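# Survey of secondary and tertiary structure
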Amino acid sequence: MAEAKTKTPLTEEQKQRRWAGRKLAYLHFAQQYRAANPEASKEDRKAAWKEAKKAQTKMAMRTLTQMERAGFGFTVPEKAAEAAE
């Protein structure tokens, strides 16, 4: 039987980039969801986010990559980095 591969731990930069991607994904999702469902409750929004989180995050990370390739740089402020941990 083959040995199980262990994942290499993420660097601090990778963690911050993922945090930024998730934040971008949620902000985009929330704007769209509120516009489409103005009467929805907080619980409804949370349930919808739970279902859409993976796809939205993937799209946000792609957007982030394209922005970086276009020459934009993103930095996470110290306060936000501490709050993410």
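Okay, so let's go over this structure.

Rules of the game
Residues numbered from 1 in each chain as written. Predicted model: local features only at pLDDT ≥ 70, side-chain atom pairs only at ≥ 80, totals over all residues. Heavy atoms only, no water. Patch = residues over 30% accessible without salt bridge, like charges linked within 9 Å, V, L, I, M, F, W, Y side chains within 5 Å. Areas by Shrake-Rupley, 256 points an atom, 1.4 Å probe, with all protein chains shown as cover. Salt bridge = Lys/Arg side-chain N within 4 Å of Asp/Glu carboxyl O. Helix = DSSP H or I, 4+ residues; strand = E, 2+ residues; numbered from the N terminus. Buried < 20%, exposed > 50% of the residue type's maximum accessible area, 1.4 Å probe, protein only. Core = buried A, V, L, I, M, F, W, Y, C linked by side-chain atoms within 4.5 Å. Expected span 1.5 Å × (residues − 1). Contact = heavy atoms within 4.5 Å.

As a further point, take a nonpolar patch on the surface. Where nonpolar side chains cluster on the molecular surface, the patch consists of Met 67, Phe 72 and Phe 74 and spans about 300 Å² of accessible area. Counting through the fold element by element, Phe 72 comes out in the loop between α2 (42-69) and α3 (78-84). In this structure Phe 72 comes out as partly exposed when scored by relative accessible area, which is 49%.

By size, the foremost hydrophobic cluster in this structure holds seven residues: Ala 25, Phe 29, Tyr 33, Ala 48, Trp 49, Ala 52 and Ala 60. Tallying contributions element by element places α2 first for this core, with four residues.

The next thing to look at is the pattern of salt bridges. Counted according to the given criterion, the structure contains one salt bridge. One salt bridge in this structure joins Arg 17 and Glu 68, with 3.0 Å as the shortest N-O distance. Residue Arg 17 is located in helix α1 (residues 12-36), and its partner Glu 68 is located in helix α2; the two are separated by 51 residues in the primary sequence. Assessed through its relative accessible area of 26%, Arg 17 is described here as partly exposed.

For the rest of this paragraph, the subject is α1. Here α1 contains 25 residues, and its C-alpha end-to-end distance of 36 Å stays within 8% of the 36 Å for a straight helix at 1.5 Å per residue. For α1, the set of buried residues is Gly 21, Ala 25, Phe 29, Ala 30 and Tyr 33. For α1, the secondary structure elements touched by its buried residues are α2.

We now examine the side chain of Thr 57. Positionally, Thr 57 belongs in helix α2. Beyond its immediate stretch of four places on either side in the chain, Thr 57 contacts Arg 22, Ala 25 and Trp 49.

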